[in-house]
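Commentary on secondary and tertiary structure
The chain contents come next:
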Amino acid sequence: MASLLGRFCRKLVVPGSAHGSRMISTTACDSEAVKSLNLYSAINQALHIALETDPRSYVFGEDVGFGGVFRCTTGLAERFGKNRVFNTPLCEQGIVGFGIGLAAMGNRAVVEIQFADYIYPAFDQVKRVFPTLEFDFSTAEFLIRGFNSQIVNEAAKFRYRSGNQFNCGGLTIRAPYGAVGHGGHYHSQSPEAFFCHVPGIKVVIPRSPREAKGLLLSSIRDPNPVVFFEPKWLYRQAVEEVPEHDYMIPLSQAEVIREGNDITLVGWGAQLTVMEQACLDAEKEGISCELIDLKTLLPWDKETVEASVKKTGRLLISHEAPVTGGFGAEISATILERCFLKLEAPVSRVCGLDTPFPLVFEPFYMPTKNKILDAIKSTVNY
Amino acid sequence: MAQHLKSSSKSILLNILRHNIGFSSPSHASRHLRHNLPHGPLTTRLSPNPITRYCNTMVDTLSSIGSHEDTNSQVMDFPGGKVAFTPEIHFISESNEERVPCYRVLDDNGQQLTNSQFVPVSKEIAVKMYSDMVTLQMMDNIFYEAQRQGRLSFYATAFGEEAINIASAAALSPDDVIFPQYREPGVLLWRGFTLQEFANQCFGNKSDYGKGRQMPVHYGSNKLNYFTVSATIATQLPNAVGAAYSLKMDEKDACAVTFFGDGGSSEGDFHAALNFAAVMEAPVLFICRNNGWAISTPTSDQFRSDGVVVKGRAYGIRSIRVDGNDALAMYSAVHEAREMAIREHRPILIEALTYRVGHHSTSDDSTRYRSADEIEWWNKARNPLSRFRTWVESNGWWSDEAESDLRSKIKKEMLEAIRVAEKTEKPNLNHMFSDVYDVPPLNLREQELLVRQAIKSHPQDYPSDVPL
């Protein structure tokens, strides 16, 4: 119950509240104008900037016209017109497929899939996809609907199979993902692992508002198809000072957001706040934790994680997605290959369970702070 | 008594239905009978039986709730617009009484039908059309044989569909972007893709624009606005819609054109694409090559509608059914469709009826599921080449001499193209790793190193014709 309350009451910390922690992005200089924004507002800002800076860019998806079910597209249709910001019919494979076509013609298409849970029908199109189309998928669940043919078979392979005659670099697919406390099977999924298995696309997951704006702008402008998962839990919960200007955070660069010596923790998105709490608790027991935000899962920054584990000798990975076949397995296997002799303990994975995401049982399913803390201790005491 | 009650409760239901849900009436005549009581099973209402009168009263009360002041009003505003009511319960038939007729200009013998409407073609265009149809057929023959001889890994012919291929291409402009399925190389041919370029892709050599990554017949040319073939069925349809939207937004005098087969019309992407195209008002032509077969699946196992043309209306899309083996009809239909698409910002669906004379591919032997006689009949009696040739010759634009000159020229070119393609070296190994992304990421650079080490250790495991 406490963890449940903790989940609901969880808010991103005010800057500087935990020493040594850089949960809050350190992108902007102090002198630049910043504004206190939550995640959906930061994303909204990024979209405004993207549309402003490229007249051949589009934002579309289900319900984006009035601002979207999570308010990420507020004001865009009014400002840029219904020809550039519009609702689509309810069809993820159509949304992604249409976006691929737009990107193939040199446009930037920012597509929203309402829930990543619904991305699967578009899956196939993504494989053919053109990189920089941005789809605004409301939840990663719905993204699975787009997953089957368009994303995997079309988007991801578009440049390669054409011998670089064509590409859909302008495609970015945005989807809210992750647990929200009451989402159940179809509004809570974390499908990132499926996409990490598809050569040709990139997978990006921000942890906070400031990170989200910079990473989203990078994703939109990256010349490859990007699937951008937004932790929906943080849409309103996370508040941060976000620079008002146009800035980008590089892809495929992990960030050490908390330095430590005893164990390396790797995570992404909303899970990092949980992991940070565990790090704080561990510190009280004399364990110094290094926390890394991977940010880009495909292609991922192995070097930063490797350097950290060579220093600490221990690795713990945590993600909401089910443990079996989750992206933690890839990180674990890679680090084992690279750091075997430096490891003091087996790589630990604290992840979601191998069940469909349950409603009543969510608190049992989730990789909670205490599960992580216990794993930190048993790894350190191995 | 029980029976009587049963029928009156049925009539209560029917009365409620009648007044609250609009069913389409089966014929125009019955609409005029709107104010009269219907005949048939509802005649129980006409009886003075007290139970029936109760039904009448109930129905009147219901019908006055939420309707317009004028209680005789037969129109209601639902979201989506006004719709007329009908007192008759009638289901729209699953099909029209007659199938949608098929537009054709030439009869089976290549004689122009009287009163046929068509877009005229000049001698130059007609001769090029016919020549390209011959070239396509010969190219297919020779590549097919090459595969049989083991010189090619795979091939798929377009036998029987030469008119669809060439005539549609001829009716388009070079700026129209093509999203093919895989049986439309004739469009590339029309636009100037050379036999050598076809051969290079089929042999996957270093001159292949696709850099040896895909199976034969997966052609693509950005120069000729022909997007690279992907084997997945119908995935190109929604892509074409997005591309068309882009053309519209950029105000280009061009449309997107996408091809697919009867089998492709069953895919989800077909429905997604048509719906999107209509809603987005995208200038895209959906050209269905209904050739009767999806590998071994006949159309009777594919859908139960009157072919594909009737599906257009379901999405609000203007559609036409054409004789796909009639080059003039194809040309005219595509020409008109293109005009409408670009001028009016709308999609058009063209169902080209034809027959797949060849096997699905070199991996298929279609005599296992259809009769050799049937194939032969279509090949001989309904051949698109001979029909068009007759018409071209009737204008004095072609001759036996021209035919044999062309055929010997093409044969020589083809054999030379194959000879050259076969001995051209394969693409360099580094092309396995390029173009996955715009720039190879670290993991791919690492993997290339690992592969090169493996090659050094075990060269016998690897083909010697791939340069390192």
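It should be noted that the structure appears before, not after, this text.
Now for a look at the structure at hand. Predicted, not measured: the structure shown is a model, and the values here were computed from it. (Residues numbered from 1 in each chain as written. Chains lettered and ligands numbered in written order. Predicted model: local features only at pLDDT ≥ 70, side-chain atom pairs only at ≥ 80, totals over all residues. Heavy atoms only, no water.)

**Topic: the overall build of chain A**
- When helices and strands are tallied, chain A shows 14 helices and 16 strands.
- In chain A, buried positions account for 68% of the 382 residues.
- Within chain A, contacts between residues at least 6 apart in sequence are counted, and of these 83% link residues at least 24 apart.
- Counting every atom, chain A has about 12600 Å² of accessible surface; 56% of that belongs to carbon and sulfur. (Helix = DSSP H or I, 4+ residues; strand = E, 2+ residues; numbered from the N terminus. Buried < 20%, exposed > 50% of the residue type's maximum accessible area, 1.4 Å probe, protein only. Contact = heavy atoms within 4.5 Å. Areas by Shrake-Rupley, 256 points an atom, 1.4 Å probe, with all protein chains shown as cover.)

**Section: the overall build of chain B**
- When its secondary structure is counted, chain B shows 15 helices and nine strands.
- Scored against the burial criterion, the 468 residues of chain B give a buried share of 49%.
- Considering only contacts within chain B whose residues lie at least 6 apart along the sequence, 72% involve residues at least 24 apart.
- When the accessible area of chain B is evaluated, it comes to approximately 22300 Å², of which 53% is carbon and sulfur surface.

**Brief notes about the pattern of salt bridges**
Residue and element names in this part refer to chain A.
- Applying the stated criterion to the full structure yields 51 salt bridges over all chains.
- Close ionic contact of Arg174 with Glu112 constitutes a salt bridge, the shortest N to O distance being 3.0 Å. Taken as a pair, Arg174 in strand S7 (residues 171–177) and Glu112 in strand S4 (residues 108–119) lie far apart in primary sequence, 62 residues in all.
- The exposure class of Arg174 is buried, given its relative accessible area of 0%. (Salt bridge = Lys/Arg side-chain N within 4 Å of Asp/Glu carboxyl O.)

**Comments concerning the interface of chain A and chain B**
- Across the contact, 49 residues belong to chain A and 45 residues belong to chain B.
- Taking both partners together, chain A and chain B bury about 3700 Å²; carbon and sulfur atoms supply 59% of that area.
- A per-residue breakdown of the area chain A buries against chain B is headed by A:Phe98, A:Tyr160 and A:Gln165, which together make up 20% of the total.
- Counting every contact that joins chain A to chain B gives 21 residue pairs in polar contact (both at pLDDT 80 or more).
- Within the residue set of the side of chain A that touches chain B, elements represented by two or more residues are strand S3 (85–87), helix H4 (92–104), helix H5 (123–126), helix H6 (158–161) and helix H11 (302–312) of chain A.
- At nine residues, H4(A) tops the list of elements feeding residues into the side of chain A that touches chain B. (Buried area = accessible area lost by both parts, 1.4 Å probe. Polar contact = N/O pair within 3.5 Å; in protein donor to acceptor, adjacent residues only side chain to side chain.)

**A closer look at the side chain of B:Arg191**
All names here are of chain B.
- Tracing the chain through its elements places Arg191 in helix H6 (residues 185–191).
- Here the side chain of Arg191 touches Leu224 through a polar contact of 2.7 Å, landing on its backbone oxygen.
- Not counting chain neighbours up to four residues away, the residues in contact with Arg191 comprise Leu172, Ser173, Pro174, Asp176, Ile178, Leu224 and Asn225.

**Let's talk about the pairing of strand S9 (residues 226–231) of chain A**
Residue and element names in this part refer to chain A.
- Of all the six residues making up S9, six are buried; the element is thus mostly covered by neighbouring parts of the structure.
- Going residue by residue along S9, you find Val226, Phe228 and Glu230 tucked away on one face and Val227, Phe229 and Pro231 tucked away on the opposite face as well.
- Bridging between S7 and S9 involves six bridges; their strand directions are parallel. Within S9, the position partnered with Tyr177 by the bridge is Pro231.
- Where the polypeptide runs from strand S8 (residues 202–204) across helix H8 (residues 209–221) and back to S9, its parallel neighbour, the crossover connection is right-handed. (Pairing = 2+ DSSP bridges. Right-handed = clockwise from strand over helix to strand, strands pointing away.)

**Here's the deal with the sheet that holds strand S8 (residues 318–323) of chain B**
Residues and elements named next belong to chain B.
- Reading across from one edge, S3-S4-S5-S9-S8 is the order of the five strands in this open sheet, with parallel pairing throughout. Since the sheet does not close on itself, it has two edges, and those belong to strand S3 (177–179) and S8, each with one partner. Between one strand axis and the next, the sheet turns through 20 degrees on average, direction left out of account.
- One ladder, built from six bridges, connects S8 with strand S9 (residues 348–353); its direction is parallel. By the bridge assignment, Arg318 is partnered in S9 with Ile348.
- Packed on one face of the sheet, helix H9 (residues 268–280) meets strand S4 (256–261), strand S5 (284–290) and S9 and runs near 150 degrees to S5. (Axes fitted to C-alpha atoms, helices over the stretch in contact; angles between N-to-C directions.)

**Some words on a nonpolar patch on the surface**
- Together, A:Leu359, A:Val360, A:Phe361 and A:Phe364 give the surface a local cluster of nonpolar side chains, amounting to about 480 Å² of exposed area.
- Structurally, A:Leu359 is set in the loop between strand S16 (348–352) and helix H13 (362–365). (Patch = residues over 30% accessible without salt bridge, like charges linked within 9 Å, V, L, I, M, F, W, Y side chains within 5 Å.)

**Regarding the nonpolar core**
- With 129 residues, the main nonpolar core has A:Leu294, A:Ile331 and B:Phe286 as its most contacted residues.
- Looking at this core element by element, the count peaks at nine residues for helix H2 (residues 39–53) of chain A.
- Setting aside residues up to four positions removed in sequence, A:Leu294 forms contacts with A:Gln253, A:Ala254, A:Val266, A:Gly267, A:Trp268, A:Trp300, A:Asp301, A:Val305, A:Phe327 and A:Ile331.
- Counting residues in hydrophobic clusters, the runner-up holds 77 residues, among them B:Tyr144, B:Leu172, B:Ile342 and B:Met414. (Core = buried A, V, L, I, M, F, W, Y, C linked by side-chain atoms within 4.5 Å.)

**Quick look at the packing of aromatic side chains**
- Under the criterion given, the structure shown has 33 aromatic pairs over all chains.
- Where B:Tyr130 meets B:Trp398, the ring centres are 5.2 Å apart and the plane angle is 70 degrees; that geometry is what we call edge-to-face. Separated by 268 residues along the polypeptide, B:Tyr130 in helix H4 (residues 123–148) and B:Trp398 in the loop between helix H13 (384–394) and helix H14 (400–423) bring together distant segments of the chain. The same class applies to B:Tyr130 as to B:Trp398, namely buried.
- Clustering of aromatic rings is evident, with ring pairs tying together A:Tyr58, A:Phe60, A:Phe86, A:Phe98, B:Tyr245 and B:Phe276. (Phe/Tyr/Trp six-rings, centres within 6.5 Å; stacked < 30°, edge-to-face > 60°.)

**Describing the sheet that holds strand S12 (residues 263–267) of chain A**
Residues and elements named next belong to chain A.
- Reading across from one edge, S11-S13-S12-S15-S16 is the order of the five strands in this open sheet, with mixed pairing throughout. Strand pairing shows two members of the sheet lacking a second neighbour, strand S11 (255–258) and S16, which therefore form its edges. Averaged over all pairs of adjacent strands, the angle between their axes in this sheet comes to 25 degrees, without regard to strand direction.
- Two strands pair when backbone bridges link them, and S12 and strand S15 (residues 315–322) are joined in this way by three bridges, in the parallel orientation. Across the sheet, Thr264 pairs through a bridge with Leu315, a residue of S15.

**Quick word on unusual backbone geometry**
- Residue A:Leu298 is joined to A:Pro299 through a cis peptide bond whose omega torsion reads -15 degrees.
- Note on placement: A:Pro299 falls in the loop between strand S14 (296–298) and H11.
- Even without being a glycine, A:Ser252 presents a positive backbone phi close to 60 degrees.
- Locating A:Ser252 in the fold gives a position in the loop between strand S10 (239–243) and S11.
- One non-glycine residue, B:Asn115, adopts positive backbone phi at about 65 degrees.

**Focus: the state of the cysteines**
Residues and elements named next belong to chain A.
- Counted by the stated rule, this structure contains zero disulfides over all chains.
- Counting only cysteine sulfurs, Cys168 is the nearest neighbor of Cys91, a cysteine outside any disulfide, at a range of 18 Å.
- Take Cys279: it sits in no disulfide, and the sulfur closest to it among the cysteines is that of Cys289, at 4.2 Å. (Disulfide = S-S within 2.5 Å.)

**What about the environment of B:Tyr437?**
- Following the sequence through the fold, B:Tyr437 ends up in the loop between H14 and helix H15 (442–457).
- Along the sequence, B:Tyr437 and B:Val119 sit 318 residues apart, while their C-alpha atoms lie 45 Å from each other.
- Polar contacts involving the side chain of B:Tyr437 include one to the main-chain amide nitrogen of A:Gly200, which spans 3.3 Å.

**Here we look at the pairing of strand S1 (residues 75–78) of chain B**
Residue and element names in this part refer to chain B.
- Here S1 pairs with strand S2 (residues 81–84) via four bridges, running antiparallel. Counted as the bridge partner of Met76 is Val83 from S2.
- Where S1 folds back onto S2 in an antiparallel hairpin, the turn is made up of two residues, including Gly80, whose phi is positive at roughly 110 degrees.

**Structural notes on the environment of B:Val241**
- Residue placement: B:Val241 occurs in helix H8 (residues 236–249).
- Owing to a relative accessible area of 0%, B:Val241 belongs among the buried residues under this scheme.
- Taking C-alpha positions, B:Val241 is 9.4 Å from B:Phe286, a pair spaced 45 residues apart along the chain.
- B:Val241 has contacts with A:Phe98, B:Ala273, B:Phe276, B:Ala277, B:Ala282, B:Val284 and B:Phe286, leaving out every residue within four places of it along the chain.

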